[in-house]
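# Chain and residue survey
One-letter residues, chain by chain:
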Amino acid sequence: MGIIAMSNFDFRGVLCSKEEANVSCWGAKGAKAPLERLYFKLPPLAKDEVRIKVLHTGLCHTDCFKLDEEWGKNVLFPMVPGHEIIAEIEKVGDEVKGFKPGDLVGFGVFRDCCGKCKACKSGDDQLCAECYVLTYDPYLGGYSTHMQVKASFVFHMPPNLDKAKAAPILCAGVTVFAPLKRWGIPGARCGVVGIGGLGHMAIQVANKMGMHVVAISTNPSKEAEAKQYGAKEFVNSKNEADMKKLKSTEKLDLLINTAFVSDISEYLYSLRAGGRFIQVAIPDIAKPIVFNNVDLVVGQKQYSGSWVGNRRELQELSLIHISEPTRPLYISYAVFCLKKKKKKK
């Protein structure tokens, strides 16, 4: 099998045989297809790039949405996902400063932005109005042995880091950290809807920020887990008595929704007048968000969306993680390298 031409997408690497490859990946050749071993030949390293050896990559729900084309049929296949990456630098471009081979680094959701628009100049590069570029699709993501990325989008991680546990903060962690930092205040009653990937991180982050965390879930078996992560109260949203109490005498100052729910009326009722509802989960795009407009207007409540944080917030969270580690629930899977197979349990 020779190198396959990919028209205008050669910049991401060219699909090729194992013998010609300089990177091995797990990727899918089509929507809803299983992951399989793929080999690519990456282009020469650019002067502003670093070549990194991937050590750990988190599995984000976004990867599943993209693989199944649930956010639109515009994915470039074969597609290699992964954007919660802990890596080691192997090589630096001619103009790269501040990094050297052997450095431990983190790399998250974005790999480029225009750097010129109002959002970029203010530090909110995740809101770039011109050309923000995600870590994967069309590029190759972190389910790879190696990647080549702009040095300005990686950042140093301390060598004593628990590498596997740190990977999820690069997307899930900063996704909840950014809005809680923006709108949360110590002592506030903060509700967290959903005790899943984002939710169990949100509980820990809000707790470390000094907020009184109320975990909200449809599954009563999640109570012990939620309190282990720092929740002071637990509400079973299927229990009428629990929800009635939350909506009457013990309302929330803010609430962050990490669950895939479309009708948020009951949760909006649980906010005090002037309270803020923060939407970070992205439900099925075919199901619009539903809530009571009267409650929103008369209560002067605020409905806000938020997605991943900027590079500054990501760096800040990584430093907080070192001093007060978040404890992501994680499972290690088998890792396959280009020349030999290694299995880590």
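Residues numbered from 1 in each chain as written. Predicted model: local features only at pLDDT ≥ 70, side-chain atom pairs only at ≥ 80, totals over all residues. Heavy atoms only, no water.

## Description of a nonpolar patch on the surface
- There is a patch of nonpolar side chains on the surface, built from Trp71, Ile282 and Ile285 and spanning about 280 Å² of accessible area.
- Along the chain, Ile282 turns up in the loop between strand 15 (271-279) and helix 9 (293-298). (Patch = residues over 30% accessible without salt bridge, like charges linked within 9 Å, V, L, I, M, F, W, Y side chains within 5 Å. Areas by Shrake-Rupley, 256 points an atom, 1.4 Å probe, with all protein chains shown as cover. Salt bridge = Lys/Arg side-chain N within 4 Å of Asp/Glu carboxyl O. Helix = DSSP H or I, 4+ residues; strand = E, 2+ residues; numbered from the N terminus.)

## Concerning the sheet that holds strand 11 (residues 189-193)
- Taken in spatial order, the six strands make up an open sheet running 13-12-11-14-15-16, and their pairing is parallel. Two strands in the sheet have a free side with no partner beyond their single neighbour: strand 13 (233-236) and strand 16 (302-305). Shown here is a sheet whose adjacent strand axes are inclined to one another by a mean of 20 degrees, direction ignored.
- By the bridge criterion, four bridges tie strand 12 (residues 212-217) to strand 13 in an arrangement that is parallel. Counted as the bridge partner of Ile216 is Val235 from strand 13.
- Together, strand 11, strand 12, strand 13 and strand 14 (252-257) form the strand contacts of helix 7 (residues 240-248), whose direction differs from that of strand 13 by roughly 120 degrees. (Pairing = 2+ DSSP bridges. Axes fitted to C-alpha atoms, helices over the stretch in contact; angles between N-to-C directions. Contact = heavy atoms within 4.5 Å.)

## Description of unusual backbone geometry
- Cis rather than trans, the peptide bond between Phe77 and Pro78 has omega equal to 0 degrees.
- Inspection of the secondary structure puts Pro78 in the loop between helix 1 (61-67) and strand 5 (85-92).
- Geometrically, the link from Asp137 to Pro138 is a cis peptide bond, its omega value of 15 degrees lying close to zero.
- Considering the arrangement of structural elements, one finds Pro138 in the loop between strand 8 (133-134) and strand 9 (146-150).

## Description of the pairing of strand 11
- The element strand 11 is largely enclosed, with a buried count of five among its five residues.
- Of the two faces of strand 11, the one holding Arg189, Gly191 and Val193 and the one holding Cys190 and Val192 are both buried throughout.
- In the sheet, strand 11 pairs with strand 12 via five bridges, with the strands oriented parallel. From the neighbouring strand, Gly191 faces strand 12, where its bridge partner is Val214.
- Crossover connection from strand 11 via helix 5 (residues 197-208) to parallel strand 12: handedness right-handed.
- Where strand 11 lies against strand 14, four bridges are found, and the strand directions are parallel. Bridging across to strand 14, Cys190 finds its partner in Leu254. (Buried < 20%, exposed > 50% of the residue type's maximum accessible area, 1.4 Å probe, protein only. Right-handed = clockwise from strand over helix to strand, strands pointing away.)

## Overview of the confidence of the model for the protein chain
- Taken over all residues, the pLDDT of the protein chain has a mean of 89, while the share at 70 or more is 91%.
- Confidence drops under pLDDT 50 across residues 1-7; counting only partners more than four residues distant or on other chains, this segment forms 18 contacts.
- Scored below 50 in pLDDT, residues 335-345 makes 23 contacts in the model with residues more than four places away or belonging to other chains. (pLDDT = per-residue confidence, 0-100.)

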